[in-house]
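Summary of the model geometry
The lines below spell out each chain.
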Amino acid sequence: MPRGKSSGSAKREPVSPPAEAKKAGADAVGDATRSPLKNVSAWKDELEVAENTSESDVHDKKQKTGGAPRVQSKGKGKSAASAGAAKPCSSSMSSSGGARVLYWHRTDLRLTDSPALTRALDPSTYSDHGSDGTIEAFWPIWCFDPTYVYSTRVGVNRWSFLLESMRDLSERYEELNEKQKLWVLRGRPELIIRRLVRDWGVTHLAFEKDSNAYSKVRDQKIKALAEELGIQVIDTPGRHLYDPDEVIKQHKGKPIMTLHQWQSVTSKMGDVPDPLPKPESIPDPGSTDLDEHGEEWGQYAGVDLNAEIRTGNDTCFEHLTGPSSEPFSVPTMGQLGFADPTTTIHGGTIEAHKRLDLFLSTPEKVAKFSKPNSAPTSLEPSTTLLSPYIKFGCVGVRETWWGCKRVIADWEKKGGRGETKEPENMFGQLQFRDMYACAEAAVPHFERVRGNSVCKYVDWALSNVYDDHGVEIIPRPTDRSNPKAEEYFEAWREGRTGFPWIDACMRQLKYEGWIHHLARHSVACFLTRGQCYISWERGMEVFDEWLIDWDPASNPGNWLWLSCSAFFSQYFRVYGLVSWPQKTDKTGALVRKYCPELKNFPDKYIYAPHTAPQAVQEKAGCIIGQDYPFPMLDEHAAKDLCIARIKDAYHLNLHGDSPEVINGTAEDKLKALHEESGATEDMHHEEGKKKRKRSGEGAMDKFVKREKK
Ligand SMILES: Cc1cc2nc3c(=O)[nH]c(=O)nc-3n(C[C@H](O)[C@H](O)[C@H](O)COP(=O)(O)OP(=O)(O)OC[C@H]3O[C@@H](n4cnc5c(N)ncnc54)[C@H](O)[C@@H]3O)c2cc1C
């Protein structure tokens, strides 16, 4: 049975998640693909529960796992004979006194620039932690958790990128020690770790620290488990330039909401640390014998949210160690039941370094990197495209940071001048990533409106839906009272809005799993405050699924920014759907690639083909309204109405944690304000027309020009 007790098919009808699925958000021990869907808030709520995990609960599980048949895995030369017998052990000392270390990879799929791995490989680490200062056995592991495989929506491109990165990492280990690999186990981490401690005699568990809500809950539970089992945990920050928890602490516990705040706090924390070299060697693993039995290694019993993209049978979780022909191997897309990816972006440290080296090979480009001047319309990425690699930890942030510093210093020595500054330069980009991490880690419910103290309340269409107990209903029920918004949302998601620039970006996102930052700006602005007035929660959810570089802080953070819900408040600056892409490409190359039905239109009409005369449409072989949609809304009228409504929301000035938002009265208050101000669809139409005449088009362009000055 592929999925144990899994339900097998997606439930499209609105359902409240079964108790198990809801709990999964808090219980699940995820990996780098994880997309939060709706559960992050629940994880934050569960922090306390995690701290108080009852011992009897853990003991119950232990009872159940006892007495299973013992099987021997047949790993590549890693038998008990070659690697030493298993030593059941529950203290932090092995029988011979050396440390027996599990190194748990999660979002750090690399060997170089890894403070956590370097520390885990340093024998002196263990002299303070109850061992004799030697490493007796070392297993780099990955826990492939069925809970996230089924209960979080992840597109094929991100799955594939993850598996490629895991394979690459495994090969890097083998290069250093032929007995080594990435030991991949299929099951829930807490159950796997319990078993490995028992069967492999593990004494220490090491991993890279992660500060986001989900990871904190997971790691607290793992730490409680470790204490119960009598093993030591060694967690070390390394995912960011500075540990977000430490930055928040220095900021007196408050979230970091501007780049300036982040810079000011971290300026007192010393330089960004130097990247650490790749380890010269990796110790041997110990025994890899395991008791394997069908229960209690974590089959999933909830709704399969990835059923729609699962085209084949998933056999991944049939055995704890994977197929008997290749135990502990990295799963394949086929074993997960997924079709092949569509993206041209491939995972792994080698690809990551190719990207970084390519960028660093042109010093002038590094020194003069200017994000606002990069081109979202470019067919070849005009920025580094490092984000998927940074997200999965295929490349370290310190390596990227100091690589750029070194190249710029050399360039300046040779007379180079005119280096760009933060926030537009590369350092500013990496700092933004840290800034969002420092906001997410300090703000409960950062990934939604309800309960989010920094998020301005707006009466968006298609917001999250909650039951009477405040528990979010997943999947979100269709809003039958607002079919137009539902239709707009689907059209946006699928790239058939009738606005070629938006459609090309959304199709590229789905196909490649990546789009340029300013393309993200365009589609996010359009969906929310620009034209559609649909909740940023919906847009974020689509990005959660399709982005390869999905990040639990950067994604909600940027959606908050773009929708003017937090970080940014100039809601009257809206991207033109024609004028904006024309700034960097008048020929519409990206549109021609991703909306091939429009490829024969003359440049003049490429971003607004509905304005082309009938004869031009016929000549292009594409009749608008028939072969490609007519624009689904009036860009300018919709924009004016959105601006007026958001102005009201700013006037009302409620936030996600305001009592009116929690008790559900905020919406009526804001609607009453719209009636008063004339920000309703009927009342606004005529006024909007007049205003447009007065202010003219291209407000966003004027704004950008002024900002650059
Ligand atoms: C609505 C929206 C959602 C986004 N969601 C994500 C996400 O889930 N994951 C993600 O990594 N980025 C996200 N971004 C930020 C940004 O678009 C991408 O990081 C960037 O486009 C990646 O391309 P690059 O590697 O070529 O970037 P470069 O410009 O080359 O920047 C280098 C690195 O800096 C970091 N970075 C740059 N800009 C940002 C930013 N605004 N926020 C956070 N980090 C940044 C990334 O790690 C990036 O790889 C989002 C932006 C928007 C507008």
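What you are looking at is a predicted structure, and each value in this text was computed from that prediction instead of being measured. (Residues numbered from 1 in each chain as written. Predicted model: local features only at pLDDT ≥ 70, side-chain atom pairs only at ≥ 80, totals over all residues.)

1. Describing the overall build of the protein
Along its length, the protein carries 31 helices and seven strands. Across the 709 residues of the protein, 53% fall into the buried class. Nonlocal contacts in the protein, meaning residues at least 24 apart in sequence, comprise 80% of its contacts between residues at least 6 apart. (Helix = DSSP H or I, 4+ residues; strand = E, 2+ residues; numbered from the N terminus. Buried ≥ 20, exposed ≤ 12 C-beta atoms within 10 Å, placed from the backbone. Contact = placed C-beta atoms within 7 Å.)

2. Describing the site of the ligand
Around the ligand sit 29 residues in total, of which T383, T384, S387, N555 and N558 are the nearest. Secondary-structure elements contributing two or more residues to the shell around the ligand are α16 (387-391), α18 (426-440), α21 (517-530) and α23 (554-562). In terms of residue class, the shell around the ligand is built from 13 nonpolar, 10 polar and six charged. (Near = placed C-beta within 6 Å. Nonpolar A, V, L, I, M, F, W, Y, C, P; charged D, E, K, R; others polar.)

3. Section: the pairing of strand β6 (residues 232-236)
Where strand β5 (residues 204-208) and β6 come together, five bridges link them in parallel fashion. If you follow E208 over to β6, its bridge partner there is T236. Crossover connection from β5 via helix α11 (residues 213-229) to parallel β6: handedness right-handed. (Pairing = 2+ DSSP bridges. Right-handed = clockwise from strand over helix to strand, strands pointing away.)

4. A closer look at the nonpolar core
Soluble globular proteins: nonpolar side chains tend toward being buried together. Of all hydrophobic cores here, the largest spans 175 residues; its most connected members are L102, Y103, C438 and A439. The dominant element in this core, judged by the number of residues it contributes, is α18, at nine residues. Ignoring sequence-local partners within four residues, the contact set of Y103 consists of L117, A120, F138, W139, P140, I141 and A206. (Core = buried A, V, L, I, M, F, W, Y, C linked by C-beta atoms within 7 Å.)

5. Quick look at the confidence of the model for the protein
Taken as a whole, the protein shows an average pLDDT of 86; of its residues, 81% reach a score of 70 or greater. Note that pLDDT drops below 50 for residues 35-93; the model gives that stretch 124 contacts with residues more than four away or on any other chain. (pLDDT = per-residue confidence, 0-100.)

6. Observations concerning helix α29 (residues 666-677)
The terminal C-alpha atoms of α29 lie 16 Å apart, and with 12 residues this matches the ideal 16 Å at 1.5 Å per residue to within 8%. With its phi angle positive at about 85 degrees, G678 sits one or two positions after the end of α29. (Expected span 1.5 Å × (residues − 1).)

7. Things to note about the pairing of strand β3 (residues 135-144)
Among the 10 residues of β3, 10 are classified as buried, and the element is accordingly described as predominantly covered. Bridge count between strand β2 (residues 99-104) and β3: six bridges; the pairing is parallel. Within β3, the residue paired with R100 across the bridge is A137. Pairing analysis gives four bridges linking β3 to strand β4 (residues 183-186), with the strands arranged parallel.

8. Observations regarding helix α17 (residues 397-413)
End to end, α17 covers 24 Å across 17 residues, agreeing with the expected 24 Å (1.5 Å per residue, within 8%). Within α17, burial applies to V397, R398, T400, W401, G403, C404, V407 and I408. Elements in contact with the buried residues of α17: α14 (349-360), α15 (363-367), α16 and α18. The first or second residue beyond α17 is G415, which carries a positive phi of 100 degrees.

9. Things to note about the sheet that holds β5
Here five strands make up an open sheet; going across it, the order is β4-β3-β2-β5-β6 and the pairing parallel. The sheet is open, and its two borders are formed by β4 and β6, each paired with just one other strand. Strand after strand, the sheet turns through a mean of 30 degrees between neighbouring axes, direction not considered. (Axes fitted to C-alpha atoms, helices over the stretch in contact; angles between N-to-C directions.)

10. Thoughts on the packing of helix α22 (residues 536-546) against α23
Where α22 meets α23, the axes come as close as 10 Å, and the angle between the chain directions of the two elements is 145 degrees. The handedness of the crossing between α22 and α23 is right-handed. From α22, W536, G539, M540, F543 and D544 reach across to α23, where they touch N555, P556, W559 and L560. When the residues that make up the contact of α22 with α23 are grouped by side-chain class, the tally is six nonpolar, two polar and one charged. (Left-handed = near helix turned anticlockwise from the far one by under 90°.)

11. Brief notes about unusual backbone geometry
Negative phi values dominate among residues other than glycine, just as trans dominates among peptide bonds. With an omega of 5 degrees, the peptide bond running from E422 to P423 counts as cis. A cis amide bond links I474 to the next residue, P475, at an omega of -10 degrees. With respect to the secondary-structure elements, P475 resides in the loop between α18 and α19 (483-494).

12. Digging into the packing of α17 against α18
Across the interface, α17 lies against α18 with an axial gap of 10 Å and an inter-helix angle of 160 degrees. The orientation of α17 with respect to α18, classified from their angle, is roughly antiparallel. The handedness of the crossing between α17 and α18 is left-handed. Contact with α17, carried on its side by V397, T400, W401 and C404, involves M426, F427 and L430 of α18 and no other residues of that element. Residues that form the contact of α17 with α18 fall into these classes: six nonpolar, one polar and no charged. (Parallel < 35°, antiparallel > 145°, perpendicular 65-115°, else oblique.)

13. A short note on the UniProt feature "site: Electron transfer via tryptophanyl radical" (unreviewed entry) in the protein
The UniProt entry lists W460, W536 and W559 under the feature "site: Electron transfer via tryptophanyl radical" (unreviewed entry), expressed in the numbering used here. The greatest C-alpha distance among the annotated residues, which extend across 100 residues, is 13.4 Å, indicating that they converge on a single site. Position of W460 among the secondary structure elements: in the loop between α18 and α19. Residue classification places W460 among the buried positions, given that 25 C-beta atoms sit within 10 Å. Ignoring any residue separated from it by four or fewer positions in sequence, one finds W460 in contact with Y533, I534 and S535. The topology assignment puts W536 in helix α22. In contact with W536, other than residues within four places in its own chain, are T528, W559, L560, S563 and S565. (UniProt positions renumbered as here; feature names shortened; annotations may be inferred.)

14. Observations concerning the environment of E164
Within the secondary structure, E164 sits in helix α9 (residues 156-176). According to the C-beta neighbour criterion, E164 is buried, with 21 such atoms within 10 Å. In the structure, E164 is positioned 182 residues away from H346 in sequence and 7.0 Å away in space, judged by C-alpha atoms. Ignoring anything within four residues of it in the chain, the contact list for E164 reads H346, G347 and G348.

15. Remarks on the environment of P277
Topologically, P277 is positioned in the loop between α13 (259-266) and β7 (290-291). A sequence separation of 165 residues divides P277 from T112, and the C-alpha atoms of the two residues are 5.3 Å apart.

16. Some points on the environment of E618
Tracing the sequence through the fold places E618 in helix α26 (residues 614-620). Accessibility expressed as a C-beta count within 10 Å gives 11 for E618, which makes it exposed. Along the sequence, E618 and F601 sit 17 residues apart, while their C-alpha atoms lie 9.7 Å from each other.

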